[in-house]
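One-letter residues, chain by chain:
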Amino acid sequence: MELNRRSFLKLSAACAGITALSATGCAPQTLEEKGEGTEAPKPSESPITEIRTTCGNCHNDCGVIINIQDGVIASIEGDPDHPFNQGALCPKGQAFVDVVYSPDRLKYPMIRVGERGSNDWKRVSWDEAYAFIGEKLTAIKDQHGAQTLLYTNGAPVQNIVRNAFCEFYARYGTNNMVGAPNLCFVPRLVALKSTYGFRDEEDYNNTDLIICWGGNPFASLRPGAYMCYEKHGNASPILDAKERGAKLIVIDPIFTETAAKADQFIPIKPSTDGALANAMANVIISEDLYDHDFVETWCHGFDEYKMCIEQCTPEWAEGITDVPADTIRELARLYATTEKAALHEGNSLALHSNCVQAVRSIGCLRAICGKLDKEGCNVCFPTVVGHPVAVENGNPTGMKTTVTADAVNVNSKRYPMFLNGLPGALDAIETGDPYTPRGLMGYHTNTIMAQGDYHRNLDLLKTLDFICYTEIFMTETCQQLADIVLPDVTWAERYDYRTYPSEKGAVIALRQPAIEPLHECKTPYTMEIELARFMGMDEGYPWTTDEEFIEYALSPSGLTLADYQDNPVQIVGTHEYRKYETGGLRPDGEPGFDTPNGKVLLYNIPFEKNGYDPLPNYVPGFGTPEGSPELAEKYPLVGTNRRTVHYVHYKYRNNPYLLENHPEPELSLNPADAEARSLRDGDAVKAFSHRGEAYFTLRVSERVKPGVAWVDGGWGNPWDKPDSNMNALVDNVARDPISQSPDISSFLMEVAKA
């Protein structure tokens, strides 16, 4: 049966689950309301089957129950027995029914027949698609070498995004994953893992002080990375801590939703976070508030670090950050003297051209105060394997490839500590150094939209010989670049899993299909093994079915697929604090941290080895007036990215129910900045920079710090506002020298009436 919106409505209109959708404005319209006829749909008497699974819309991966009637999804609701959200579910989860049955979904493989960007396609069979891809990939490998194939996966909101096609690429012979890590947490990971061996999480359940720095969990619904065990909703760990008496301090250029809940809000100029962290360390050391025992036993390079921050006085930092010197002193003293203090640095801190050293500054601040892997502070929770080791040691998903590609990575010369980023690969396309990439395979990623500098991305990627994308919808990237597009399934139509670190152990949740794949869509696991078989690369493949893949990937947990089907949420392993004392942080089991000498590297040995500053000295970001004074004369505002709870990255702006809540791209200015430009609330405005322009609706708000523009990101696909892509304003040539991060959270721009 070919399901469409009309047949879906007929089948599901009378389902009990519709009540849940109606409460949030997501109830499907009747045919009469849609103008498609006057006959009301007849109620179905078929029983409703509940499928317990895991949402895949965003990084939270909440537990959900999908209600099925007559083989069709009637509604989606939160799973009260899932430890991560305990029944809470945001509008994206409840409205996902409309994504599954959207008439805009890609339904079958399509090969482009016109010029790139013409949006002229022909439908082909899967065999024809595999033959086309196989011919192109074979030609690239034979003529230029396997390493000239790039592959890109998007934000890992689901583990499948990390895992899909990785075995195939390894067997093909390329290790050039050049996706979106430079836009995500990975720059923070590079900073922290090189300093003390892991990316920490906040122990909200036991803390007395929360400093939320550059994060907005009450909008992202993500309090930390994943630690939210036995809580009702993703913001509840912070609210519960406040009820318990913990103090909440927010540091941000914007008076965010989280700032509105705070005991203290500290506005700061974008991209100056490293200066503030170093000034706090200056106070803590000069006033002898640091943890002497921890520093002497577990830290390397304290003397050099101390000399580095001696000049970073609160008065010095005030001139850079706009945070008063006395406020810096009070904040430093409070953090150092609060025994159980958790300092959360948000993902926006990974999106500046000086981000790695800024996050290093924050990591060093934690270390000198002895607040690492300590109860109520920033701790290291267990992995999918369940052992008490760092969350990011190795691949946290458990997926391993059977072979390793023996190839020179395209980024090994430019970014030796950060290989998996697109900007460096674009440089290689432009220069031919170390070689010229020839092809690109993409899964679950809107490449030219997500990265800064839209026009440069488009122009350079157009020069590739072959481009293939696997997607649910015809995104801007697919439409402009792809030679072939493969139709993906939604998360409700396939197996997958999610791992969550917690103080109870590693939580592993199964995602299982609620319905069979619609149309001619296939799961990525199926596409991968079929393409490998078509190209003669399938011998000894570690799986042949989706079920076998789950068994393979989760084998380190010691549990089988049957175990997870019996109970979709399992806890493996245990957690303990102060693992540096017991050998729990190092692969060799010895006490200490997972660094070259077993200590926290205030003086960073790997950085020095690779030619980077081993100390976290503050350098102004390119996207600030201090970093680019000549540009600032023409573009005096510092733009910073805004993300809302209604969408995820560039997704779901074609969902009519979510669109009702946030119907257009907005740009917010402080009243003083709006008045200086003769602009009023509601005006149509043009934002422009030295890289491009984009159009928005103006919101005038005291929430925004003077001199800052708060700009909606995520718009610009064919189905929403093509002229409103914030990343058209962002420079991707000037970037963090270690992590390839562009200034998405701080870029120079100006605003005028459109």
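Residues numbered from 1 in each chain as written. Predicted model: local features only at pLDDT ≥ 70, side-chain atom pairs only at ≥ 80, totals over all residues. Heavy atoms only, no water.

Draft legend 1. Quick peek at the overall build of the chain. Scanning the chain from N- to C-terminus turns up 27 helices and 26 strands. Dimensions along the principal axes, computed over C-alpha positions, put the chain at roughly 75 × 65 × 55 Å. Looking at the 754 residues of the chain, the share that counts as buried comes to 64%. Summing over all exposed atoms, the chain offers an accessible surface of approximately 26100 Å²; the carbon and sulfur share of this is 48%. Between the averaged position of the 67 positive side-chain charges in the chain and that of its 103 negative side-chain charges there is a distance of 2 Å. (Helix = DSSP H or I, 4+ residues; strand = E, 2+ residues; numbered from the N terminus. Buried < 20%, exposed > 50% of the residue type's maximum accessible area, 1.4 Å probe, protein only. Areas by Shrake-Rupley, 256 points an atom, 1.4 Å probe, with all protein chains shown as cover. Lys, Arg positive; Asp, Glu negative; His and termini not counted. Charge placed at Lys NZ, Arg CZ, Asp CG, Glu CD.)

Draft legend 2. Quick look at the side chain of aspartate 683. Secondary-structure assignment places aspartate 683 in the loop between helix H27 (671–676) and strand E23 (684–688). Here arginine 680 takes part through its backbone nitrogen, which lies 2.8 Å from a polar atom of the side chain of aspartate 683. Residues in contact with aspartate 683, not counting those within four places in the same chain, are Ser678, Phe696, Thr697, Leu698 and Lys753. (Polar contact = N/O pair within 3.5 Å; in protein donor to acceptor, adjacent residues only side chain to side chain. Contact = heavy atoms within 4.5 Å.)

Draft legend 3. Geometry of the nonpolar core. If you look at the biggest cluster of nonpolar residues, it comprises 67 residues, and the most contacted ones within it are Trp213, Tyr305, Ile368 and Phe593. Apart from the residues lying within four places of it in its own chain, the contact partners of tryptophan 213 are Ile251, Asp273, Leu276, Ala277, Met280, Leu343, His344, Glu345, Gly346, Leu349, Ile362 and Leu365. (Core = buried A, V, L, I, M, F, W, Y, C linked by side-chain atoms within 4.5 Å.)

Draft legend 4. Seen up close, the sheet that holds strand E1 (residues 49–54). Read from one edge of the open sheet, three strands run E1-E2-E3, paired in antiparallel fashion. Strand pairing shows two members of the sheet lacking a second neighbour, E1 and strand E3 (72–78), which therefore form its edges. Strand-to-strand twist in this sheet, taken as the mean axis angle between neighbours without regard to direction, amounts to 30 degrees. In this structure, E1 lies alongside strand E2 (residues 63–69), joined through six bridges in antiparallel fashion. Bridged to threonine 54 within E2 is glycine 63. (Pairing = 2+ DSSP bridges. Axes fitted to C-alpha atoms, helices over the stretch in contact; angles between N-to-C directions.)

Draft legend 5. Fine view of the sheet that holds strand E6 (residues 149–153). Strand order in this open sheet of six strands is E5-E4-E16-E15-E14-E6, and the pairing throughout is mixed. Whereas interior strands pair on both sides, the edge strands pair on one side only; in this sheet they are strand E5 (121–123) and E6. Averaged over all neighbouring strand pairs, the angle between strand axes comes to 15 degrees, with direction disregarded. Looking at chain direction, strand E4 (residues 110–112) and E5 are connected through three bridges and run antiparallel. Each bridged residue has a counterpart across the sheet, and for isoleucine 111 the counterpart in E5 is lysine 122.

Draft legend 6. Region of the structure containing the packing of helix H8 (residues 186–196) against helix H16 (residues 355–368). The geometry of H8 relative to H16 is characterised by a closest axis approach of 8 Å and an angle of 45 degrees between their N-to-C directions. Relative to H16, the element H8 is oriented oblique. Considering only the axes of H8 and H16, their crossing is right-handed. In this structure, H8 contributes Pro187, Arg188, Ala191, Leu192, Ser194, Thr195 and Tyr196 to the contact, and H16 contributes Cys355, Val356, Val359, Arg360, Gly363, Cys364 and Arg366. Here the residues of the contact of H8 with H16 sort into eight nonpolar, three polar and three charged. (Parallel < 35°, antiparallel > 145°, perpendicular 65-115°, else oblique. Left-handed = near helix turned anticlockwise from the far one by under 90°. Nonpolar A, V, L, I, M, F, W, Y, C, P; charged D, E, K, R; others polar.)

Draft legend 7. The confidence of the model for the chain, seen in detail. Per-chain confidence: the chain averages 88 in pLDDT, with 90% of residues scoring 70 or above. Segment residues 1–41: pLDDT under 50, and 74 contacts once partners within four positions in sequence are set aside and those in other chains are kept. Between residues 385–397, whose pLDDT stays under 50, and residues either more than four places distant or in other chains, the model counts 48 contacts. (pLDDT = per-residue confidence, 0-100.)

Draft legend 8. Highlighting the environment of methionine 749. Residue position: methionine 749 is located in strand E26 (residues 747–753). What makes methionine 749 buried here is its relative accessible area of 0%. Residues methionine 749 and valine 638, spaced 111 residues apart in sequence, show a C-alpha to C-alpha distance of 6.2 Å. With near-sequence residues (within four places) excluded, methionine 749 lies in contact with Tyr635, Pro636, Leu637, Gly639, Leu667, Ala687, Phe688, Ser689, Ala709, Val711 and Leu729.

Draft legend 9. The arrangement of the packing of aromatic side chains in detail. Under the definition given, this model contains 26 aromatic pairs. On the numbers, 4.0 Å between centres and 20 degrees between planes, the contact of tyrosine 151 with tyrosine 169 is stacked. In this pair, tyrosine 151 is assigned in strand E6 and tyrosine 169 in helix H7 (residues 166–172), connecting sequence segments 18 residues apart. Taken as a pair, tyrosine 151 and tyrosine 169 share a single burial class, namely buried. Between the aromatic rings of tyrosine 525 and phenylalanine 549, the centroid separation amounts to 4.2 Å while the plane-to-plane angle is 25 degrees, which identifies the pairing as stacked. (Phe/Tyr/Trp six-rings, centres within 6.5 Å; stacked < 30°, edge-to-face > 60°.)

Draft legend 10. View of the pairing of E3. Burial analysis of E3 places six of its seven residues in the buried class, the great majority of the element. Linking E2 back to E3 in an antiparallel pair, the connection comprises two residues, with aspartate 70 at a positive phi of about 55 degrees.

Draft legend 11. Expanded view of the pattern of salt bridges. Within this structure, the stated rule accounts for 40 salt bridges. A salt bridge links arginine 188 to glutamate 345; its shortest N-O distance comes to 2.9 Å. Of the two residues, arginine 188 sits in helix H8 while glutamate 345 sits in strand E12 (residues 341–345), which places them 157 residues apart along the sequence. The pair arginine 188 / glutamate 345 is uniform in exposure class, with both members buried. For arginine 494, the salt bridge goes to aspartate 496, with nearest N and O atoms at 3.7 Å. Assigned by exposure class, arginine 494 and aspartate 496 land together as buried. The structure contains a network of salt bridges with shared partners spanning Arg642, Glu664, Glu666, Asp681, Arg699 and Asp712. (Salt bridge = Lys/Arg side-chain N within 4 Å of Asp/Glu carboxyl O.)

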